[in-house]
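Each chain, letter by letter, is given below.
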Amino acid sequence: MEDRDDFGTMLQIITRKNHRPVQFFAILLLSVMGTALSAVPSQGVRINGELNEFNGYIMEAPLSRYPDLKQVKTWSTDFVKEVGLYENSQEPPTINGIRFSTAQYRFADSRLESINLEFEGRENRDRLLTWIEQHYGKLLPVERKMINQVEWHGDRLSIALSYNPETNLGRLWFISPVLHHLVNKNINDMTE
C-alpha cells in the first residue's frame, strides 16, 4: 500500500506548476521511451502471395527456361543435391537507371532459388528502395530510415536490400523462401 501512496505522491509533485523541472524530466522520459519503442526493427513488408518474379525471372522456375545463363560454380548441401551459380553473358540488368556490377542466379536442383544483384553508392540504394516500394509494397516510415538492410516477405518471394556505408557497396536479393531454406538448411540444425 505504501508503494501506491508513494507513486500517487510522486504524480502529484510532477503535476504541480511549481515543479517544472520534474515535469520536463517526466515528459522527456516518456518521449525517449516512445522513440526507443518505435525504433524496434520490424519483420519487413508483406508481399502479396502471388508475386514471385523479377525482371522476367520467376522464382522456382526450371533452369531450362533460361538458356542464356552460364554456370559459374556448383556444390551440394544436405538437402539439395545440386546448387548451381549462374551468370548471364549479357549485361547485368538495369533497374530505375541503376546498372548493377554483378548479377548472379542461384538454382537449387535446377529451380531458381535466388537472384543476387550488386551495386555501388548510397544514391543507388535510395533509388532502388523507391523502385521496390513501387512494385512490391511501401515500408513503414521507421523502416525507411534503416540503411543497412530492409526486407519484404511473401510466400513465394522475399526481397532484401542491403547497403554497407563503409564500403559504399550494396546488394539486392530476390529469393524463393522455400528453396532458400533448403539450400541453407543443415542436417545438424535438425532437432528431434
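What you are looking at is a predicted structure, and each value in this text was computed from that prediction instead of being measured. (Residues numbered from 1 in each chain as written. Predicted model: local features only at pLDDT ≥ 70, side-chain atom pairs only at ≥ 80, totals over all residues. Heavy atoms only, no water.)

A.B. asks: Before we move on, could you go through the overall build of the protein and cite the residues and values that matter?
C.D. replies: The number of helices and strands found in the protein is five helices and 12 strands. The burial tally for the protein puts 33% of its 192 residues in the buried class. Put simply, 52% of the contacts in the protein that link residues at least 6 apart link residues at least 24 apart. Total accessible area on the protein is roughly 12400 Å²; 53% of this is exposed by carbon and sulfur atoms. (Helix = DSSP H or I, 4+ residues; strand = E, 2+ residues; numbered from the N terminus. Buried < 20%, exposed > 50% of the residue type's maximum accessible area, 1.4 Å probe, protein only. Contact = heavy atoms within 4.5 Å. Areas by Shrake-Rupley, 256 points an atom, 1.4 Å probe, with all protein chains shown as cover.)

A.B. asks: Outline the pattern of salt bridges, supporting the account with residue identities and numerical values.
C.D. replies: Scanning the entire structure with this criterion turns up five salt bridges. A salt bridge links glutamate 113 to arginine 106; the shortest N-O distance between them is 2.5 Å. According to the relative accessible area criterion, glutamate 113 is buried, its value standing at 0%. Arginine 106 gets classed as buried once you look at its relative accessible area, which sits at 14%. The partner of arginine 127 in a salt bridge is glutamate 123, and the shortest N-O contact between them spans 3.9 Å. Highlighted residues: arginine 127 and glutamate 123, both in helix 3 (residues 122–136), separated by four residues, approximately one helical turn. (Salt bridge = Lys/Arg side-chain N within 4 Å of Asp/Glu carboxyl O.)

A.B. asks: Mind laying out the side chain of glutamate 113, listing which residues take part and the relevant values?
C.D. replies: Tracing the chain through its elements places glutamate 113 in strand 9 (residues 111–120). In this structure the side chain of glutamate 113 is engaged in a polar contact, spanning 2.5 Å, whose partner is the side chain of arginine 106. Discounting residues that sit within four places of it in the chain, glutamate 113 has contacts with Met59, Arg106, Phe107, Ala108, Phe174, Ile175, Ser176, Leu179, His180 and Val183. (Polar contact = N/O pair within 3.5 Å; in protein donor to acceptor, adjacent residues only side chain to side chain.)

A.B. asks: Break down the nonpolar core for me, citing the residues and quoting the values.
C.D. replies: Counting residues in hydrophobic clusters, the biggest one holds 34 residues, and the most contacted among them are Trp152, Leu172 and Phe174. Of all the secondary-structure elements, those providing two or more residues to this core are strand 8 (102–108), strand 9, helix 3, strand 10 (149–153), strand 11 (158–164) and strand 12 (169–175). Setting aside residues no more than four positions away along its own chain, tryptophan 152 makes contact with Val45, Ile47, Leu129, Ile132, Glu133, Tyr136, Gly137, Leu139, Leu157, Ser158, Ile159 and Leu161. Grouped together as the second largest cluster of nonpolar side chains are five residues, Val80, Ala108, Leu179 and Val183 included. (Core = buried A, V, L, I, M, F, W, Y, C linked by side-chain atoms within 4.5 Å.)

A.B. asks: Before we move on, could you go through the sheet that holds strand 12 and cite the residues and values that matter?
C.D. replies: Ordered by their spatial adjacency, eight strands build an open sheet running 1-10-11-12-9-8-5-4, and the pairing between neighbours is mixed. Each of the sheet's edge strands pairs with one partner strand only, and the pair in question is strand 1 (45–46) and strand 4 (69–75). As defined by bridge partners, strand 8 adjoins strand 9 across seven bridges and the pair is classed as antiparallel. The residue of strand 9 that forms the bridge with tyrosine 105 is isoleucine 115. In the packing of helix 3 onto the sheet, contacts are made with strand 1, strand 9, strand 10, strand 11 and strand 12, and the angle to strand 11 comes to roughly 165 degrees. (Pairing = 2+ DSSP bridges. Axes fitted to C-alpha atoms, helices over the stretch in contact; angles between N-to-C directions.)

A.B. asks: Which residues make up helix 3, and what values go with them?
C.D. replies: The terminal C-alpha atoms of helix 3 lie 21 Å apart, and with 15 residues this matches the ideal 21 Å at 1.5 Å per residue to within 8%. By the burial criterion, the buried members of helix 3 are Asn124, Arg125, Leu128, Leu129, Trp131, Ile132, Glu133 and Tyr136. Positive backbone phi, at 130 degrees, marks glycine 137, one or two positions downstream of helix 3. (Expected span 1.5 Å × (residues − 1).)

A.B. asks: Could you give an account of the pairing of strand 10, with specific residues and numbers?
C.D. replies: Working note: regular strand, side chains alternate between the two faces of the sheet. The side-chain alternation of strand 10 yields one buried face, formed by Val150 and Trp152, and one unburied face, formed by Gln149, Glu151 and His153. By the bridge criterion, two bridges tie strand 1 to strand 10 in an arrangement that is parallel. Residue valine 45 lies in a different strand from strand 10, and its bridge partner there is tryptophan 152. Strand direction decides the pairing type here: strand 10 and strand 11, joined by five bridges, are antiparallel. Paired with glutamate 151 across the strands is alanine 160, a residue of strand 11. As consecutive antiparallel partners, strand 10 and strand 11 are separated by four residues.

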